[in-house]
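Analysis of the macromolecular model
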Amino acid sequence: MIWFLTKGRRLNPVYAAFMIVAFMMGIAGALQAPTLSLFLSREVEVRPFWVGLFYTVNAIAGILVSLALAKRSDNQGDRRKLIMVCCMMAVANCVLFAFNRHYLTLITVGVMFASIANTAMPQIFALAREYADNSAREVVMFSSIMRAQLSLAWVIGPPLSFMLALNYGFTTMFLIAAGIFVISLALIFFALPSVARIEQPADVALTQVSGWKDKNVRMLFIASMLMWTCNTMYIIDMPLWVSSDLGLPESLAGLLMGTAAGLEIPAMILAGYYVKRFGKRRMMVIAVAAGVLFYVGLILFHSRTALLLLQLFNAVFIGIVAGIGMLWFQDLMPGRPGSATTLFTNSISTGVILAGVLQGALAESFGHHSVYWLIAGLSVLALILTSRVKNI
């Protein structure tokens, strides 16, 4: 990793800045996301259906906002300024959640702030892709190492999130997240570069620019959506399932998330190293197959040790999909890194929409165990679709 960030014998400060920003913003996000379902259930005191609905509304708003901002970012203006605006909205969102416990306010004003804030990360990756292209660096490895910073953040974030929330309260946790976003904003302002837009050749087909008219892009979007539906249903349901059905400590949820994130780091690095040899499709098929094994394992094994061991499959699944999946979209949509990255993140958001509706309805009507049967089935469908997308 250090070798990649250096040019000659001197540290490349811009590359280092990208890594630090990704890590800091990953930490802030990893403080909020793992305990959100517990926050809504216990602090706001709403039923499982309303917990799921919150995720769904948040995701819908995120898709609409991110699509609009992505189109603008690819065609005009300074992408870095947009990222800073998103960071300011993230600070406002954290402060709102720290002091407000009114569901209607959180699902309206809070969702508005969050939908803008969540656009920051795909825009940072798009800016990184443009900078790497302009400086003639290895894009796949750079992106994989940068994505690994998010996994490193998720090693620390979830256990810290549960520790802060359970011992010091949600207000303290959200304020700490706000402080980290403020630091990230300063780093973006002083350290990240502005990258000039590259004009798209006139002979590039509209289908290549828009992407969505390409059947491979559509198929990859649906497959990715299903993958993230599975992952999000697991993230929403697991903290509640572990404590209510399995009778295990609430803190175990944070440990499981942190363990998976830690194992994702070598998975991402290895994926970036081997992708040229095996190709993106084969790597993604391996990843989704690992996801199938993980979700089937959740149905069969419920002990603390088994749940920890299963995180190896979860790490391979998310580690490869999060890095290679995004690059696959970018390769299928040449000349549009912002739109391609946002399409990838919108597959995540669409998955969250489905996950929120499905998890809330299933958990309330049939119990938490039913969630994992559906997840396993959706992961198999995602595996079939992934294997049919063309390799690039």
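Preceding this section is the structure that the text describes.
Computed from a prediction, not measured in an experiment: that's the story for all the values here. (Residues numbered from 1 in each chain as written. Predicted model: local features only at pLDDT ≥ 70, side-chain atom pairs only at ≥ 80, totals over all residues. Heavy atoms only, no water.)

**Focus: the overall build of the protein chain**
Convention followed: Counting from the N terminus, the helices are DSSP H or I runs at least four residues long and the strands are E runs at least two residues long. Categorising residues by exposure relies on relative accessible area from a 1.4 Å probe, with only protein chains included: less than 20% of the type maximum marks a residue as buried, more than 50% marks it as exposed, and the intermediate range marks it as partly exposed. The criterion used for residue contact is that any of the two residues' heavy atoms lie within 4.5 Å. To measure how exposed things are, a 1.4 Å probe is used in the Shrake-Rupley method; for residues, cover is taken only from the protein chains shown.
The helix and strand tally for the protein chain stands at 16 helices and 2 strands. By the burial criterion, 58% of the 392 residues in the protein chain qualify as buried. A sequence separation of at least 24 residues applies to 84% of the contacts in the protein chain between residues at least 6 apart. Of the roughly 16000 Å² of accessible surface on the protein chain, 67% is carried by carbon and sulfur atoms.

**Section: the environment of Leu82**
Mapped onto the elements, Leu82 comes out in helix H5 (residues 79-99). Among the residues examined, Leu82 registers a relative accessible area of 11% and is labelled buried. A sequence separation of 38 residues divides Leu82 from Ala120, and the C-alpha atoms of the two residues are 7.7 Å apart.

**What to know about the pattern of salt bridges**
How we decide: Salt bridge criterion: a side-chain nitrogen from Lys or Arg within 4 Å of a carboxyl oxygen from Asp or Glu.
The tally for this structure, following the rule as stated, stands at 2 salt bridges. As a salt-bridge pair, Glu43 and Arg101 come within 3.0 Å of each other at their nearest N and O atoms. Note that Glu43 is positioned in helix H3 (residues 36-43) and Arg101 in the loop between H5 and helix H6 (103-117), a separation of 58 residues in sequence. Under the relative-accessibility criterion, Glu43 is labelled partly exposed at 34%.

**So, the packing of helix H13 (residues 280-300) against helix H14 (residues 304-332)**
Spelled out, the test is: Only the contacting stretch of a helix is used when fitting its axis, a line to C-alpha atoms as for every element, and angles between N-to-C directions run 0 to 180 degrees. For this classification, under 35 degrees means roughly parallel, over 145 means roughly antiparallel, 65 to 115 means roughly perpendicular, and everything else is oblique. By convention the crossing between two helices is left-handed if the near helix lies anticlockwise of the far one by an angle smaller than a right angle, and right-handed if it lies clockwise. When residues are grouped by polarity, Ala, Val, Leu, Ile, Met, Phe, Trp, Tyr, Cys and Pro land in nonpolar, Asp, Glu, Lys and Arg in charged, and all others, Gly among them, in polar.
Between H13 and H14, whose axes approach to 8 Å, the crossing angle comes to 150°. Here H14 runs roughly antiparallel to H13, going by the angle between their axes. Crossing of H13 over H14 shows left-handed handedness. Broken down by class, the residue content of the contact of H13 with H14 amounts to 19 nonpolar, 5 polar and 3 charged.

**Describing a nonpolar patch on the surface**
Heads up, the condition is: Patch building starts from residues that exceed 30% relative accessible area and form no salt bridge, then joins like charges within 9 Å and nonpolar side chains (Val, Leu, Ile, Met, Phe, Trp, Tyr) within 5 Å.
A surface patch of nonpolar side chains, amounting to about 330 Å² of accessible area, comprises Leu263, Leu293, Leu312 and Phe313. Relative to the helices and strands, Leu312 resides in helix H14.

**A word on the nonpolar core**
What counts, and what does not: The set of buried Ala, Val, Leu, Ile, Met, Phe, Trp, Tyr and Cys residues whose side-chain atoms join them within 4.5 Å is what this entry labels a nonpolar core. Boundaries of every domain are those given by an automatic assignment or by a domain database.
Grouped together as the largest cluster of nonpolar side chains are 132 residues, with contacts concentrated most on Phe18 and Tyr234. With 18 residues, helix H11 (residues 215-244) is the largest single contributor of residues to this core. Looking at which domains feed residues into this core, each of domain 1 (13-191) and domain 2 (212-388) gives three or more.

**Considerations on the packing of aromatic side chains**
Put simply, the test is: Here is the rule: rings of Phe, Tyr and Trp (six-membered ring for Trp) pair when centre to centre is within 6.5 Å. Planes less than 30 degrees apart are stacked, more than 60 are edge-to-face, and the remainder are tilted.
This model, assessed by the stated rule, comprises 17 aromatic pairs. Among the aromatic residues, those joined into a ring-pair cluster are Phe39, Phe49, Trp50, Phe54, Phe97, Tyr103, Phe170 and Phe174.

**Section: the side chain of Asn314**
Using the following cut-off: Here a polar contact means two N or O atoms within 3.5 Å. Within protein one must be a hydrogen donor candidate and the other an acceptor candidate, and residues neighboring in sequence count only if both atoms are side-chain atoms.
Note on placement: Asn314 falls in helix H14. You can call Asn314 buried: its relative accessible area is 4%. A distance of 3.1 Å separates the side chain of Asn314 from the side chain of Gln311, its partner in a polar contact. Ignoring any residue separated from it by four or fewer positions in sequence, one finds Asn314 in contact with Asn231, Tyr234, Ala260 and Phe294.

**Description of the packing of helix H2 (residues 13-32) against helix H7 (residues 120-134)**
Packing of H2 against H7 brings their axes to within 11 Å, and their N-to-C directions diverge by 165°. Taken together, the axes of H2 and H7 lie roughly antiparallel to each other. Of the two possible hands of crossing, H2 and H7 adopt the one that is left-handed. Contacts between H2 and H7 involve Val14, Tyr15, Phe18, Val21, Ala22, Met25 and Gly26 from the first element and Ala120, Met121, Ile124, Leu127, Ala128, Tyr131 and Ala132 from the second. Looking at the contact of H2 with H7 residue by residue, the class counts come to 13 nonpolar, 1 polar and no charged.

**What about unusual backbone geometry?**
Notably, Glu45 is not glycine yet its phi reads approximately 60°, a positive angle. Looking at the element boundaries, Glu45 is found in the loop between H3 and helix H4 (48-75).

**Observations regarding the environment of Ile60**
The residue Ile60 is located in helix H4 in this model. Residue classification places Ile60 among the partly exposed positions, given a relative accessible area of 39%. Note: C-alpha distance between Ile60 and Ile353 (293 residues apart in sequence) is 6.6 Å.

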